[in-house]
Amino acid sequence: SGRLLWEARKPTHDSWATPIVIEAAGRAQVITLAVPFVMSFAPEDGRELWRAEVLGGEVTPSPVFAAGLVLVVNPSTELLALRPDGAGDVTQSHVVWRAGENVPDVTSPVSNGELVFTVTSGGVLTCFDARAGRKLWEAALEIEAQASPAIVGEKVFVLGLRGEAVVVEAARAFKELARSRLADEFLASPAFADGRM
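Scoring rules and cut-offs
- Residues numbered from 1 in each chain as written.
- Predicted model: local features only at pLDDT ≥ 70, side-chain atom pairs only at ≥ 80, totals over all residues.
- Heavy atoms only, no water.
- Helix = DSSP H or I, 4+ residues; strand = E, 2+ residues; numbered from the N terminus.
- Rg over C-alpha atoms; globule rule 2.2 N^0.38 Å.
- Contact = heavy atoms within 4.5 Å.
- Lys, Arg positive; Asp, Glu negative; His and termini not counted.
- Charge placed at Lys NZ, Arg CZ, Asp CG, Glu CD.
- Pairing = 2+ DSSP bridges.
- Axes fitted to C-alpha atoms, helices over the stretch in contact; angles between N-to-C directions.
- Buried < 20%, exposed > 50% of the residue type's maximum accessible area, 1.4 Å probe, protein only.
- Polar contact = N/O pair within 3.5 Å; in protein donor to acceptor, adjacent residues only side chain to side chain.
- Phe/Tyr/Trp six-rings, centres within 6.5 Å; stacked < 30°, edge-to-face > 60°.

## Section: the overall build of the protein chain
Then step 1. Looking only at helices and strands, the protein chain features zero helices and 17 strands.
Then step 2. The globule rule puts the C-alpha radius of gyration for 197 residues at 16 Å, and the 17 Å found for the protein chain is close to it.
Then step 3. In terms of principal-axis extent, the alpha carbons of the protein chain reach across some 45 × 40 × 30 Å.
Then step 4. When contacts within the protein chain are restricted to residue pairs at least 6 apart in sequence, long-range pairs at least 24 apart make up 42% of them.
Then step 5. Of the charged side chains in the protein chain, 18 are positive and 25 negative; the average position of the first set lies 4 Å away from that of the second.

Printed below as a string of structure tokens:
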């Protein structure tokens, strides 16, 4: 019907990040990002479930849920993983790992559940172990990237600002599979359906 069911005011600044809905700790949760908090809400009534004060700057990357962890980017500073099973302020208790190398400022991370991939605006693609946060590899793709990477099957797709499309194996070792060029400029992330991009 479009009828408003509830509204929750957040003590945060503006954000460009898109919220996600996850199933974790035996319940559905709406995960939102805005400086300075990662916050979880109950979708049925908007109750705040937990929060972590870990963000700064201008938050553009959206969160992802992988390996039972909420993965968030503190832009240009660090990639963090949080356990989503807390209550109240979990800043000191639920950060599982932090990674400070090749942190994006605009693009969102992507994960296949085992590996996490990030790409910086300067085109450095980095692969992390989702559970431990250990960097497995990095590769300079020699492109400028504003679009978030995407995973389809066993492949990571990275779309460059000037139309470069780079396909990399979604694996623990770097392997570039293909590279082509599209005749346009791209800021938005690709979507996939019925075998098409």
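## Some details on the environment of Ala147
Then step 1. In this fold, Ala147 is placed in the loop between strand E13 (135-140) and strand E14 (150-152).
Then step 2. Expressed as a C-alpha distance, the spacing of Ala147 and Ala87, which sit 60 residues apart in the sequence, is 34 Å.
Then step 3. Ala147 has contacts with Thr107, Val119, Leu159, Leu187, Ala188, Ser189 and Pro190, leaving out every residue within four places of it along the chain.

## Concerning the sheet that holds strand E7 (residues 78-82)
Then step 1. If you walk across this open sheet you meet the four strands as E5-E6-E7-E9, and the pairing is antiparallel. Sheet topology places strand E5 (64-66) and strand E9 (95-99) at the edges, where each strand pairs with a single neighbour. Across the sheet, the axes of successive neighbouring strands diverge by a mean angle of 25 degrees, strand direction being ignored.
Then step 2. Sheet topology note: the E5/strand E6 (residues 69-74) ladder contains three bridges and is antiparallel. Directly across from Phe65, in E6, lies its bridge partner Val70.

## Description of the environment of Ser93
Then step 1. One can find Ser93 in the loop between strand E8 (88-89) and E9.
Then step 2. Given a relative accessible area of 42%, Ser93 falls into the partly exposed group.
Then step 3. Distance from Ser93 to Phe65, taken between C-alpha atoms, is 18 Å for residues 28 residues apart in sequence.
Then step 4. Polar contacts involving the side chain of Ser93 include one to the side chain of His94, which spans 2.7 Å.

## Let's talk about the sheet that holds E13
Then step 1. Read across the sheet, four strands follow the order E10-E11-E12-E13 without closing on themselves; strand pairing throughout is antiparallel. Single-partner strands in this sheet number two, and they are strand E10 (110-111) and E13.
Then step 2. Pairing analysis gives two bridges linking E10 to strand E11 (residues 115-119), with the strands arranged antiparallel. Across the sheet, the residue bridging to Ser111 is Val116, located in E11.

## Comments concerning the packing of aromatic side chains
Then step 1. Evaluation of the coordinates by the stated rule reveals three aromatic pairs.
Then step 2. Between Phe157 and Phe192, the aromatic rings sit 5.1 Å apart at their centres with planes inclined by 55 degrees, giving tilted as the arrangement. Here Phe157 is found in strand E15 (residues 155-159), whereas its partner Phe192 is found in the segment after strand E17 (176-181), with 35 residues between them in sequence.
Then step 3. Owing to a relative accessible area of 30%, Phe192 belongs among the partly exposed residues under this scheme.
Then step 4. An aromatic cluster of three or more residues is present, and its members are Phe117, Trp137 and Phe174.

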